[in-house]
Amino acid sequence: MTLTPEQARQQANKQLAALYATVTDWTEALFDQALLAIAGTGRPFSANDLWVVLPETGRAACGLYFASITRRRIPQVLIRIGFEPSVNPKAHGKPVNVYQLTHVGYEFIKDRQAARAKKKAAA
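These figures come from a predicted structure and were not determined experimentally.

Caption draft 1: The arrangement of the pattern of salt bridges in detail. Overall, the coordinates contain six salt bridges when judged by the stated rule. Between Arg-116 and Asp-32 there is a salt bridge whose closest N-O contact spans 3.0 Å. Taken together, the positions of Arg-116 in helix H6 (residues 103–122) and Asp-32 in helix H2 (residues 25–39) put the pair 84 residues apart, joining distant regions of the chain. The buried category is assigned to Asp-32, whose relative accessible area is 0%. Between Arg-43 and Asp-49 there is a salt bridge; the shortest N-O distance is 3.3 Å. Counted as one network, the salt bridges with shared partners bring together Glu-28, Asp-32, Arg-112 and Arg-116.

This is how it looks when you write it as structure tokens:
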């Protein structure tokens, strides 16, 4: 069966939604914390920097996390500023994006952390 472009897009969106649903609040909180620690001072960074500090269990969600924040337009959390080779042995040196955290992105992550803390305190 041949899919129309619209059907293919809908099918892909369903699959992505299922994948994003596997990223837990804990994983998102862990990535947010690591991102602010690494890039909060304005230093450029890539997924390689997160791979160094994240536990093995969190690494599988790295691509999904980056996809979720790089696709945001309002607010724009990250700006891609270049590329570097991946340190993931499975990637065989494939290039990964190098980003800069925007000021509004920094505020967005901090607000998300505060909302998470407030939700936890209310529970």
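After that view, the rundown keeps rolling.
Caption draft 2: Highlighting the nonpolar core. Of all hydrophobic cores here, the largest spans 22 residues; its most connected members are Leu-35, Phe-45, Phe-66 and Leu-78. Secondary-structure elements contributing two or more residues to this core are H2, helix H3 (47–53), helix H5 (62–70), strand E3 (95–101) and H6. Per-element tally for this core: the top contributor is H2, with six residues. The residues touching Leu-78, leaving out its near neighbours within four places in the chain, are Phe-45, Phe-66, Ile-69, Thr-70, Tyr-99, Gln-100, Leu-101 and Thr-102.

Caption draft 3: Looking closely at the pairing of E3. Sheet topology places strand E1 (residues 45–46) next to E3; two bridges connect them, and they run antiparallel. Bridged to Phe-45 within E3 is Tyr-99.

About the thresholds
Residues numbered from 1 in each chain as written. Predicted model: local features only at pLDDT ≥ 70, side-chain atom pairs only at ≥ 80, totals over all residues. Heavy atoms only, no water. Salt bridge = Lys/Arg side-chain N within 4 Å of Asp/Glu carboxyl O. Helix = DSSP H or I, 4+ residues; strand = E, 2+ residues; numbered from the N terminus. Buried < 20%, exposed > 50% of the residue type's maximum accessible area, 1.4 Å probe, protein only. Core = buried A, V, L, I, M, F, W, Y, C linked by side-chain atoms within 4.5 Å. Contact = heavy atoms within 4.5 Å. Pairing = 2+ DSSP bridges.

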